[in-house]
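# Secondary and tertiary structure notes
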Amino acid sequence: MGGGGGGGGEGASGPELSTDNMKGIVLALLSSGFIGASFIIKKKGLRRAAVASGVRAGVGGYSYLMEPLWWIGMITMIVGEIANFVAYAFAPAVLVTPLGALSIIVSAVLAHFILNERLHALGVLGCVMCVAGSVVIVIHAPQEQEITSVREIWNMATQPAFLLYVASVIVIVFVLVFYFSPLYGQSNVLIYTAICSLMGSLSVMSVKALGTSLKLTFEGTNQLIYPETWFFMLVVATCVLTQMNYLNKALDTFNTAIVSPIYYVMFTTLTILASVIMFKDWSDQSPGSIISEICGLVVVLSGTILLLVTKDYERIPQSRSVYAPLSPSLTTRLNGELLKHVEDERTSDEEKALRRQEMY
């Protein structure tokens, strides 16, 4: 299928970005900026509220609800999420999803200058890798397909290959929720993160379908008259609620230094896989462009893992050692690195409370 708003093919010098892709990129970058900044603003608000009331959020205090700075942070995050939602209506998930890693860079850099949370050499390297990988993905990203009705998306969602993917996800999630979760959910980090990631991949596909429907409606072609639009809305609500429920369980049970990298890698990989199956993002691309995108994605994922793990080791002490039994050597190494990098002055309960609030 041809690309929307621009040429869908590739010349000898590489693909050209369509107008829709450019809009998606700009919205994704704005989303990363707003979301990354919101973490810092909310944290400043939490600190100010804790000082003013003497009761931290982590021990049951809700004084931050009366703190304007915290609400500015929340509004900033909502704006970022809306921009991310709209970005999926203009650009492929293969392009938009990896760019979400840039919010971590924004947060880390602002925290370095505003909150005096040091960004060390490995963190800087992680930032550079994320930027470099994102540039590669943008350069070689597929064109957004030109869609004129939600029923076109419905046809894509009901093709045999994607139905097989959906069925596989549902079966795996049911097995994880009803069998593995009660037995191993509190001891293996992969259980909760797998549920989040699998449901997340379906939520992004539904968000893209719903966003495209709303975009067409605002352009004058009403899609709200079709039941498919409301079905996608129901799927979005179901998937997001399930995803957030188990993500909160994972964050509450395991160290963020483990949850964040695993969840980001699994979620991004499965989302791109779902998008490639449903929207056939790579069908009109050359093998060179596909390989370049995969390499760019690997670089972004590696940089994100490096940045997240480095930041969490330096900032977040954990007295408990509830790690997933990935391997004895890995668990030992994580505990050893945690003890080496955590400084005494950063072990306050306030930091733990603030970190917990950042997740909401």
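In this text the structure is predicted, and so the values were computed from the model without any measurement. (Residues numbered from 1 in each chain as written. Predicted model: local features only at pLDDT ≥ 70, side-chain atom pairs only at ≥ 80, totals over all residues. Heavy atoms only, no water.)

## Examining unusual backbone geometry
Counted only if it meets this: Starting at the N terminus, helices and strands are each numbered in turn, a helix being any DSSP run of H or I of at least four residues and a strand any DSSP run of E of at least two. Summary of the burial criterion: residues with accessible area below 20% of their type's maximum are buried, those above 50% are exposed, and those between are partly exposed, where the area comes from a 1.4 Å probe applied to protein chains only.
The backbone of Lys280 sits at a positive phi, close to 50°, despite the residue not being glycine. Within the element layout of this structure, Lys280 appears in the loop between helix H10 (256–279) and helix H11 (287–315). The exposure class assigned to Lys280 is partly exposed, which follows from its relative accessible area of 41%.

## Quick word on the packing of helix H8 (residues 189–218) against helix H9 (residues 227–253)
Heads up, the rule is: A fitted line through C-alpha atoms represents every axis, and for helices the fit uses only the stretch in contact; the resulting angles, taken between N-to-C directions, go from 0 to 180 degrees. Under this scheme an angle from 65 to 115 degrees is roughly perpendicular, one under 35 degrees roughly parallel, and one over 145 degrees roughly antiparallel; angles in between are oblique. Take the far helix as your reference; a near helix turned counterclockwise from it by less than a right angle gives a left-handed crossing, and one turned clockwise gives a right-handed crossing.
Here H8 crosses H9 at 150°, and the two axes come no closer than 8 Å. Between H8 and H9, the angle is such that the two are roughly antiparallel. Like other packed secondary-structure pairs, H8 and H9 cross with a definite hand, here left-handed.

## Observations regarding the nonpolar core
This is how it is decided: What is meant by a nonpolar core is a set of buried Ala, Val, Leu, Ile, Met, Phe, Trp, Tyr and Cys residues, joined one to another through side-chain atoms within 4.5 Å. Boundaries between domains were set according to an automatic or database domain assignment.
By size, the foremost hydrophobic cluster in this structure holds 75 residues, and its most contacted members are Leu95, Phe162, Ile195, Met205 and Met278. By residue number, the principal contributor to this core is H8, which donates 14 residues. Mapped onto the domain boundaries, this core takes at least three residues apiece from domain 1 (19–117) and domain 2 (144–284). Grouped together as the second largest cluster of nonpolar side chains are five residues, Leu46, Ala49, Tyr64 and Met74 included.

## A few points about the pattern of salt bridges
Threshold: Just to be clear on terms, a salt bridge is a Lys or Arg side-chain nitrogen sitting within 4 Å of an Asp or Glu carboxyl oxygen.
Enumeration over the complete set of coordinates arrives at three salt bridges. The closest approach of N and O atoms between Glu67 and Arg48, which form a salt bridge, is 3.5 Å. With Glu67 in the loop between helix H1 (19–53) and helix H2 (68–90) and Arg48 in helix H1, the pair connects residues that are 19 residues apart, well separated along the chain. For Glu67, a relative accessible area of 10% translates into the label buried. Among the residues examined, Arg48 registers a relative accessible area of 48% and is labelled partly exposed. The closest approach of N and O atoms between Glu228 and Arg151, which form a salt bridge, is 3.9 Å. Within this pair, whereas Glu228 is found in helix H9, its partner Arg151 is found in helix H6 (residues 150–157), the two being separated by 77 residues in sequence. By relative accessible area, Arg151 is classed as partly exposed at 43%.

## What about helix H4 (residues 102–114)?
What counts is decided by this rule: Expected span of a helix: the number of residues minus one, times 1.5 Å.
Look at H4: 18 Å from first C-alpha to last across 13 residues, which is about the 18 Å you get at 1.5 Å a residue. Downstream of H4 by a residue or two, Asn116 has a phi angle that is positive, lying close to 60°.

## Some remarks on the side chain of Thr193
Just so we agree on the cut-off: Definition of a polar contact: a pair of N or O atoms within 3.5 Å, with one able to donate and the other able to accept a hydrogen when the atoms are protein atoms, and with sequence-neighbouring residues admitted only if both atoms are side-chain atoms. Residue contacts are counted whenever heavy atoms from the two residues lie within 4.5 Å of one another.
Relative to the assigned elements, Thr193 resides in helix H8. There is a polar contact of 2.7 Å between the side chain of Thr193 and the backbone oxygen of Val189. Excluding residues that lie within four positions of it along the chain, Thr193 makes contacts with Ala250, Val259, Ile262, Tyr263 and Met266.

## Points about the packing of aromatic side chains
Between two aromatic rings, the relevant description is the distance of the centres plus the angle of the planes. Cut-off, in case you're wondering: Stacked, tilted and edge-to-face pairs are distinguished by plane angle, under 30 degrees for stacked and over 60 for edge-to-face with tilted covering the rest, among Phe, Tyr and Trp rings (Trp via its six-membered ring) whose centres lie within 6.5 Å. Our definition puts a charge over a ring when NZ of Lys or CZ of Arg is within 6 Å of the ring centre and also within 35 degrees of the ring normal.
If you walk through the whole model with that rule in mind, you get 10 aromatic pairs. Ring centres of Trp154 and Phe232 lie 6.0 Å apart, and the angle between their planes is 65°; on these two criteria the pair is classed as edge-to-face. With a gap of 78 residues between them, Trp154 in helix H6 and Phe232 in helix H9 connect regions that are remote in the sequence. Where Phe180 meets Tyr184, the ring centres are 6.1 Å apart and the plane angle is 35°; that geometry is what we call tilted. Placement of the pair is Phe180 and Tyr184 together in helix H7 (residues 160–184), with a separation of four residues, close to one helical turn. What links up through ring pairs into an aromatic cluster is the set Trp154, Phe231 and Phe232. Just above the ring of Phe279 sits the side chain of Lys208; from NZ or CZ to the centre is 5.4 Å.

## What about the side chain of Thr212?
Topologically, Thr212 is positioned in helix H8. You can call Thr212 buried: its relative accessible area is 4%. A polar side-chain atom of Thr212 sits 2.8 Å from the main-chain carbonyl oxygen of Lys208. Once residues within four sequence positions are removed from consideration, Thr212 is found in contact with Ala89, Ile147 and Ile153.

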